[in-house]
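# Coordinates in review
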Amino acid sequence: TALYDVPASAVSADLVRLAGAGALARCASDHVAAGRPLEALHLLDVLLAGEPDSAEGGAAKRAALTLLLDRSEHLNFSEAMWLKSELAALDSRD
């Protein structure tokens with residue numbers, strides 16, 4: 001599918017409809033709780049592309065980004081600033 005101009009995100013709303021926004025958010029939260037924030041963010045990319053105003057999705061994304069920021073120990077300035085900007089974007093949605 002990488003050869004064509006339709007991105008994977010084109011079916012995000014379908015996946016959210018099939019799986020349910022709540023189920024995706026809970027699964028993402030479970031990944032965060034288990035120390036797997038990147039897996040959580042993959043699910044949240046799908047969820048928030050299909051349902052951008054999901055409060056549960058926003059909360060799970062905040063938790064995943066916060067965990068990544070804590071783990072980074074601010075050693076990589078670019079990573080830390082990107083994570084902070086993502087968190088600020090979530091704050092501005094609220």
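Look a little higher up for the structure.
I will try to describe carefully the structure that is included in this document. For clarity, every value in this text was computed on a predicted model and none was experimentally measured. Residue indices begin from 1 for each chain and proceed along its sequence in written order. Only residues with pLDDT of at least 70 get local features here, since the model is predicted, and only at 80 or more are side-chain atom pairs given and counted; chain-wide, interface and lining totals rely on the full set of residues. Just so you know, side-chain values use all the structure's heavy atoms and leave hydrogens and water out.

If you look at the biggest cluster of nonpolar residues, it comprises 20 residues, and the most contacted ones within it are A40, L41, L44, L47 and L65. Residue assignment for this core shows that the elements contributing at least two residues are α2 (21-33), α3 (37-50), α4 (55-72) and α5 (77-93). What makes two residues a contact is simply this: any of their non-hydrogen atoms within 4.5 Å. Every residue in contact with L41, bar those within four places of it in the chain, is listed here: K61, A64, L65 and L68. Think of a nonpolar core as a cluster: buried Ala, Val, Leu, Ile, Met, Phe, Trp, Tyr and Cys residues, connected wherever their side-chain atoms sit within 4.5 Å. Burial here depends on accessible area, computed with a 1.4 Å probe over protein chains only, as a share of the maximum for the residue type. Under 20% is buried, over 50% is exposed, and the range in between is partly exposed. Every helix listed is a DSSP run of H or I at least four residues long, and every strand listed is a run of E at least two residues long, numbered separately from the N terminus.

This part is about the pattern of salt bridges. A carboxyl oxygen of Asp or Glu within 4 Å of a side-chain nitrogen of Lys or Arg is what we treat as a salt bridge. In the structure shown here, the tally under the stated rule is three salt bridges. The shortest N-O distance in the salt bridge between R17 and D14 comes to 3.7 Å. With R17 and D14 both in helix α1 (residues 12-19) and three residues apart, the pair spans about one turn of that helix. The exposure class assigned to R17 is exposed, which follows from its relative accessible area of 61%. For D14, a relative accessible area of 35% corresponds to the partly exposed category. Between D91 and R62 there is a salt bridge whose closest N-O contact spans 3.1 Å. With a gap of 29 residues between them, D91 in helix α5 and R62 in helix α4 connect regions that are remote in the sequence.

Of note, E73 is a non-glycine position whose phi angle comes to about 55°, a positive value. As for its placement among the helices and strands, E73 is situated in the loop between α4 and α5. In this structure, H74 takes a positive phi of about 60° despite not being glycine. Mapped onto the elements, H74 comes out in the loop between α4 and α5.

This part covers the packing of α1 against α3. A packed helix pair is summarised by two numbers, namely the angle formed by the two axes and the spacing between the axes. Between N-to-C directions, angles cover 0 to 180 degrees, with each direction set by a line fitted to C-alpha atoms, over the stretch in contact for helices. Close contact between α1 and α3 brings their axes to 7 Å; oriented N to C, the two are set at 100°. Between α1 and α3, the crossing angle belongs to the class labelled roughly perpendicular. Judged by residue contacts, S12, A13, L15 and V16 of α1 engage V46, L47, A49 and G50 from α3. Polar here means any residue outside two lists: the nonpolar Ala, Val, Leu, Ile, Met, Phe, Trp, Tyr, Cys and Pro, and the charged Asp, Glu, Lys and Arg; Gly therefore counts as polar. By residue class, the composition of the contact of α1 with α3 is six nonpolar, two polar and no charged. Any angle that falls under 35 degrees is termed roughly parallel, while one over 145 is termed roughly antiparallel, one within 65 to 115 roughly perpendicular, and all others oblique.

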